[in-house]
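One-letter residues, chain by chain:
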Amino acid sequence: MAFFDRDVEVMIDAETLRARIVELGRQITADYQGQELTLVGIMKGSIFFMTDLARAIDLPVTLELMGVSSYHGGTETTGEVRISFDLTKPMHGKHILVVEDIIDTGLTMKFLLENLAARHPASVKVCTLLEKPARAKTKVQMDYKGFVIEDRFVVGYGLDYGEKYRNLPFIGVMRTE
C-alpha cells in the first residue's frame, strides 16, 4: 500500500495528465512558431507541470520562476496576494507564458498579470493545468487550459496540502475533505 492510498482518491491519473500536457505543448509550439518563449512558473505548485510542459514544447524556451501566493499555508485564499520570489531577469520585450498549477478565484493571477504588464513584455499569456470556475471571483484570460475541475481541494502533481502530496504523479482529492 502506497503512503497516499488511504488519504487521496485519484481525480486525474498520470497518463491522462501526460497526454493533455503533450497536446498543450503542441498547441503552444504552433502558436509561438519562430519566436523565443519565456515560461514563468508560479512556485511551488507549477514546478512539475512547467517541467513536463517545457519538454513538450518544440521551441527554444527560457525558464523563470516566481513565487506568488494568496493562500499562505491554508486551504482557503486570504485574498491578500504577495510576491515571495521575483524573476531573475528583465522581461522587457519577451514573450511570456505564465505557467500555473490551478486558477480558482483568479485574484492571484489578476495581480500577477498586472505586475508582469508593468515590465513591458512583448506578450503575456496564461497556461493553467487546472481551472476551478466555481470559485472564480474575477475574470482571468486563460489562453491554454489543461482541465476544468469541480470545486474540490486537490493535491498531487505539484499541488499540496500542508506542503505534502506534491510528489504524487496524479491529481487527487483528499479523502478527509
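Residues numbered from 1 in each chain as written. Predicted model: local features only at pLDDT ≥ 70, side-chain atom pairs only at ≥ 80, totals over all residues. Heavy atoms only, no water.

Brief notes about the sheet that holds strand β5 (residues 95-103)
Whether parallel or antiparallel, the strands of a sheet pair through hydrogen bonds between backbone atoms.
Inference 1: With mixed pairing, the 6 strands of this open sheet are ordered in space as β4-β3-β2-β5-β6-β7. Two strands close off the open sheet at either side, each with one partner strand: β4 (82-85) and β7 (144-148). Neighbour to neighbour, the strand axes of the sheet diverge by 30 degrees on average, direction disregarded.
Inference 2: Across 7 bridges, strand β2 (residues 37-43) lies against strand β3 (residues 61-69) in parallel orientation. Within the sheet, the bridge partner assigned to Ile42 lies in β3 and is Met66.
Inference 3: Against the sheet, helix α1 (residues 14-31) touches β2, β5, β6 (123-131) and β7, its axis set at about 160 degrees to β7.
Inference 4: Relative to β3, helix α2 (residues 47-56) is tilted by about 165 degrees, and along the sheet it contacts β2, β3, β5 and β6. (Pairing = 2+ DSSP bridges. Helix = DSSP H or I, 4+ residues; strand = E, 2+ residues; numbered from the N terminus. Axes fitted to C-alpha atoms, helices over the stretch in contact; angles between N-to-C directions. Contact = heavy atoms within 4.5 Å.)

Remarks on the sheet that holds strand β8 (residues 154-155)
Inference 1: The 3 strands are arranged β1-β9-β8 in an open sheet whose pairing can be described as antiparallel. Every interior strand has two partners, whereas the edge strands, β1 (8-12) and β8, have only one.
Inference 2: Judged from the 2 bridges that link them, β8 and strand β9 (residues 171-174) form a sheet pairing that is antiparallel. Bridge assignment links Val154 to a residue of β9, and that residue is Val173.

Side note on α1
Inference 1: End to end, α1 covers 26 Å across 18 residues, agreeing with the expected 26 Å (1.5 Å per residue, within 8%).
Inference 2: N-capping of α1 is provided by Asp13, with a side-chain oxygen placed 3.1 Å from the backbone N of Glu15. (Expected span 1.5 Å × (residues − 1). Polar contact = N/O pair within 3.5 Å; in protein donor to acceptor, adjacent residues only side chain to side chain.)

Quick word on helix α3 (residues 107-117)
Think of an α-helix as 3.6 residues a turn; residues three or four steps apart then line up on the same face.
Inference 1: Every buried residue of α3 is listed here: Thr108, Met109, Leu112 and Leu116. Seen along its axis, α3 keeps its buried residues to an arc of 90 degrees; they face one direction. (Buried < 20%, exposed > 50% of the residue type's maximum accessible area, 1.4 Å probe, protein only. Arc of directions from axis to C-beta.)

Side note on the side chain of Glu64
Inference 1: Relative to the assigned elements, Glu64 resides in strand β3.
Inference 2: Once residues within four sequence positions are removed from consideration, Glu64 is found in contact with Thr38, Leu39, Val40, Gly41, Met50, Leu87, Thr88, Lys89 and Met91.

Here's the deal with the nonpolar core
Inference 1: Grouped together as the largest cluster of nonpolar side chains are 28 residues, with contacts concentrated most on Ile28, Phe49, Leu53, Leu130 and Ile171.
Inference 2: Taken together, the elements giving at least two residues each to this core come down to α1, β2, α2, β5, β6, β7 and β9.
Inference 3: Dropping the residues within four chain positions of it, Ile171 is found in contact with Glu9, Val10, Met11, Ile12, Leu17, Leu129, Leu130, Val154, Val155, Gly156, Tyr157 and Leu159.
Inference 4: Val40, Val98, Val126 and Met142 belong to the second-largest nonpolar core, a separate cluster that totals 16 residues. (Core = buried A, V, L, I, M, F, W, Y, C linked by side-chain atoms within 4.5 Å.)

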